[in-house]
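Listed here are the chains, written in short residue letters.
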Amino acid sequence: LTRFDNYSVRFWEDFLSAISSWDPLLANELSSIEFHATLPLFHQFLDIFAGRAHRENQIILAFDDFHLLEDGPVREFIENLIVANIENTTIVRLWGADVQERVTGRPGDVQVARLTDRQLRFTPDEIASYYSEQGIAMSDEQFQRIYDYTQGWAFAVDLFAVYLKQGGQIIGDPVDSILPI
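Notes on the structure in this doc start here. (Residues numbered from 1 in each chain as written. Predicted model: local features only at pLDDT ≥ 70, side-chain atom pairs only at ≥ 80, totals over all residues. Heavy atoms only, no water.)

## A look at the nonpolar core
In step 1: Core analysis: the biggest nonpolar cluster contains 26 residues, and Phe15, Leu30, Phe45, Phe77, Ile78 and Leu81 have the highest contact counts within it.
In step 2: Looking at this core, the elements with two or more residues in it are helix H1 (8-20), helix H2 (24-31), helix H3 (39-53), strand E1 (59-63) and helix H4 (72-84).
In step 3: Membership of the second largest hydrophobic core comes to 13 residues, among which are Ile127, Phe143, Ile146 and Val157. (Core = buried A, V, L, I, M, F, W, Y, C linked by side-chain atoms within 4.5 Å. Buried < 20%, exposed > 50% of the residue type's maximum accessible area, 1.4 Å probe, protein only. Helix = DSSP H or I, 4+ residues; strand = E, 2+ residues; numbered from the N terminus.)

Structure below.
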């Protein structure tokens, strides 16, 4: 999410784009209806989404930077999506560590877990384990350098793994040592 998603139309376009990446037919069907700023429109969305979404695979919808949303209808849509507790669907809301948020009006069967950014990052030992699974051997000092540079963020850790699997080496500062392969 970005501040631009405070505009319902923009949010709806971004949401449909995300859905089209894994189910273009569902995104196309949903595009025929308007953004669901009212409860009756949300139920129309829910009938279509829930009817198709849980047929085969587990779906995880992640709304990152939720704290940037100020638009009531967009926030309400996401809240309603959480409360709907759609079978085989997990909704993840991510927001800044200093922001206190809660799911309003949730029934008892909706599970809510609070994870901090620290819990989402690799530790040096987890980086070593992940790289070992990838067939990448390094010294403890090199794992620590990777950790210090990436702060354990999975995307950055994985980018280094790709680089190393392609024959790259880490000597000194991880970024200074990256040379074209």
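## What about the packing of aromatic side chains?
In step 1: Going through the model one piece at a time under the given rule, you end up with 17 aromatic pairs.
In step 2: On the basis of an interplanar angle of 20° and a centroid distance of 5.8 Å, the ring pair of Phe11 and Phe15 is categorised as stacked. Within this pair, Phe11 and its partner Phe15 are both found in helix H1, separated by four residues, close to a single helical turn.
In step 3: Taking relative accessible area as the criterion, Phe15 reaches 6% and is therefore assigned buried. (Phe/Tyr/Trp six-rings, centres within 6.5 Å; stacked < 30°, edge-to-face > 60°.)

## Some details on the pattern of salt bridges
In step 1: Under the counting rule described, the total for this entry stands at two salt bridges.
In step 2: Ionic pairing is found between Asp14 and Arg10, a salt bridge with its closest N-O pair at 3.3 Å. Pair noted here: Asp14 and Arg10 are both in helix H1, with a separation of four residues, about one helical turn.
In step 3: Of the residues examined, Arg10 reaches a relative accessible area of 34% and is grouped as partly exposed.
In step 4: Arg145 is the partner of Glu141 in a salt bridge, and the nearest nitrogen-oxygen pair spans 2.1 Å. Of the two residues, Glu141 and Arg145 are both situated in helix H7 (residues 140-150); the distance of four residues between them amounts to about one turn of the helix. (Salt bridge = Lys/Arg side-chain N within 4 Å of Asp/Glu carboxyl O.)

## Thoughts on the side chain of Thr89
In step 1: By secondary structure assignment, the location of Thr89 is in strand E2 (residues 89-93).
In step 2: Sequence-distant contacts of Thr89, defined by excluding residues within four places in its chain, comprise Phe49, Gln58 and Ile59. (Contact = heavy atoms within 4.5 Å.)

## Description of helix H6 (residues 124-133)
In step 1: Every buried residue belonging to H6 is among Ile127, Ala128 and Tyr131, and all of these are buried. Down the axis of H6, the buried side of the element spans an arc of 100°, and every buried residue falls inside it. Seen from the buried face of H6, the exposed residues on the opposite side, beyond 90 degrees, are Asp125, Ser132 and Glu133.
In step 2: Residues of H6 that are buried in the fold lie against H7 and helix H8 (154-165).
In step 3: After H6 finishes, the residue Gly135 shows a positive phi value of roughly 80°. (Arc of directions from axis to C-beta.)

## Examining the pairing of E1
In step 1: By the alternation rule, side chains of E1 split into Ile59, Leu61 and Phe63, which are all buried, and Ile60 and Ala62, of which none is buried.
In step 2: The pairing of E1 with E2 spans five bridges and is parallel. If you follow Phe63 over to E2, its bridge partner there is Arg93. (Pairing = 2+ DSSP bridges.)

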